[in-house]
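Here are the chains, one letter per residue:
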Amino acid sequence: MSDASVAIITGAASGIGRALAVHYAGRGVRSIIGTFPGDPHDPEETLALVTDAGGQAVVHEVDVRSTASVDAFAQRAITEYGRLDYAVANAGILRNSPLSEMTDTRWTDMLDVDLTGVLRTLRAGAERMSAGGSMVAVSSIAGAVYGWEGHAHYAAAKAGVLGLIRSVAVELGPQGIRANAVIPGLIETPQSLDPVNSLGPDGLTRAGGDIPWGRVGTAAEVASVISFLTSADAGYVTGQSIIVDGGLTVK
Ligand code: NAD
């Protein structure tokens, strides 16, 4: 069934965000594709994939470190399509930094994007939604159940996202707005393919062998869960987090 909803997606020039815009296109959901200035990935490629899938979207630059930028991004849904139904706080960075090298600046820079950026996105979304609205934040197994050396700041930010989601869900429930999180495991995207800050291509292949499902996940496999959580099919689900990891963390 076609869904005439409108979604904002941060970090949608690549990876999970791009896959979500394409997935939404197949459902009839129109997207505001958030693209970060300076991102090496071309948001026009996301837009072309959406169009090929028969969908509608527009590209809008957004930096989740700025409240004004995020507010303007959310407002674009109203000016472009006259409504906002779904807010997906997907943008994130990953930086390798052992504790001995964890300066205050590295710590706060990470939290500014991966935690406060989520708050800014959900807040801007909630201000423009009516009853039936829904939001999803992207956490990580590193913030939920998994220790990862060199990534204390990332883990803290992603754990913070889970607490934030629970409280927001309680607060917005009476307004008929839901809030949930997805917790991806190892997913092949530009972030995880980065050999400096993450596993890189070889590391991902090796790690995939240890996952019960026998491989790392795809961006589309996370996108479809985000899509479910935002949809009316999950209409009585709020304040929850779903791990999408091929069984990695239950092994
Ligand atoms: P990705 O690098 O393709 O996507 C991240 C996006 O965030 C990029 O498009 C980037 O431009 C954008 N971004 C970075 N800083 C930004 C800022 N200040 N403002 C706005 N946008 C900004 O990688 P991905 O794996 O698709 O990441 C999507 C989300 O999934 C992230 O939150 C990431 O932490 C999370 N995640 C990924 C994995 C994985 O294995 N790939 C696992 C767990 C969680």
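Residues numbered from 1 in each chain as written. Predicted model: local features only at pLDDT ≥ 70, side-chain atom pairs only at ≥ 80, totals over all residues.

Before going further, it helps to spend a moment on the overall build of the protein chain. What the protein chain contains, in helices and strands, is eight helices and nine strands. Computed over its C-alpha atoms, the radius of gyration of the protein chain comes to 17 Å, within 12% of the 18 Å expected for a compact globule of 251 residues. For the protein chain, the C-alpha atoms occupy an extent of roughly 50 × 35 × 35 Å along the three principal directions. Classification of the 251 residues of the protein chain by burial places 47% in the buried group. Considering only residue pairs separated by 6 or more positions, the protein chain has 73% of its internal contacts joining residues 24 or more positions apart. (Helix = DSSP H or I, 4+ residues; strand = E, 2+ residues; numbered from the N terminus. Rg over C-alpha atoms; globule rule 2.2 N^0.38 Å. Buried ≥ 20, exposed ≤ 12 C-beta atoms within 10 Å, placed from the backbone. Contact = placed C-beta atoms within 7 Å.)

What follows is about the nonpolar core. One finds Ile-8, Leu-20, Ala-21, Val-88 and Val-182 to be the most contacted residues of the largest nonpolar core, which totals 71 residues. In terms of residues, this core owes the most to one element, helix α6 (residues 152–172), which gives eight residues. (Core = buried A, V, L, I, M, F, W, Y, C linked by C-beta atoms within 7 Å.)

In space, the seven strands of this open sheet follow the order β3-β2-β1-β4-β5-β6-β9, with parallel pairing throughout. Looking at strand neighbours, the two that pair on one side only are β3 (57–61) and β9 (241–244), the edges of this open sheet. Neighbouring strand axes in the sheet, compared pairwise and without regard to direction, differ in orientation by 20° on average. Looking at chain direction, strand β6 (residues 178–184) and β9 are connected through four bridges and run parallel. Note that in β9 the partner of Ile-183 across the bridge is Ile-243. On the sheet, α6 packs against β5 (134–138), β6 and β9 and is oriented at approximately 160° with respect to β6. (Pairing = 2+ DSSP bridges. Axes fitted to C-alpha atoms, helices over the stretch in contact; angles between N-to-C directions.)

What you see with strand β1 (residues 6–9) is no split at all: Val-6 and Ile-8 on one side and Ala-7 and Ile-9 on the other are buried throughout. Relative to strand β2 (residues 30–35), β1 runs parallel, the two sharing four bridges. Paired with Ile-9 across the bridge in β2 is Ile-33. Regarding the hand of the β-α-β motif, the stretch spanning β1, helix α1 (residues 15–27) and β2 is right-handed. Across three bridges, β1 lies against strand β4 (residues 86–89) in parallel orientation. Bridging from a neighbouring strand, Ile-9 pairs with Val-88 of β4. (Right-handed = clockwise from strand over helix to strand, strands pointing away.)

Here we take up the site of the ligand. Among the 30 residues in the neighbourhood of the ligand, the closest are listed as Gly-11, Gly-15, Gly-92, Thr-189 and Gln-191. Its residues assigned to classes, the shell around the ligand comprises 15 nonpolar, 12 polar and three charged. (Near = placed C-beta within 6 Å. Nonpolar A, V, L, I, M, F, W, Y, C, P; charged D, E, K, R; others polar.)

On to the UniProt feature "domain: Ketoreductase" (unreviewed entry) in the protein chain. Within this structure's numbering, the places UniProt gives as "domain: Ketoreductase" (unreviewed entry) are residues 5–189. For the annotated span residues 5–189, helix accounts for 44% and strand for 18% of the residues, and the straight-line distance between the end C-alpha atoms is 26 Å. (UniProt positions renumbered as here; feature names shortened; annotations may be inferred.)

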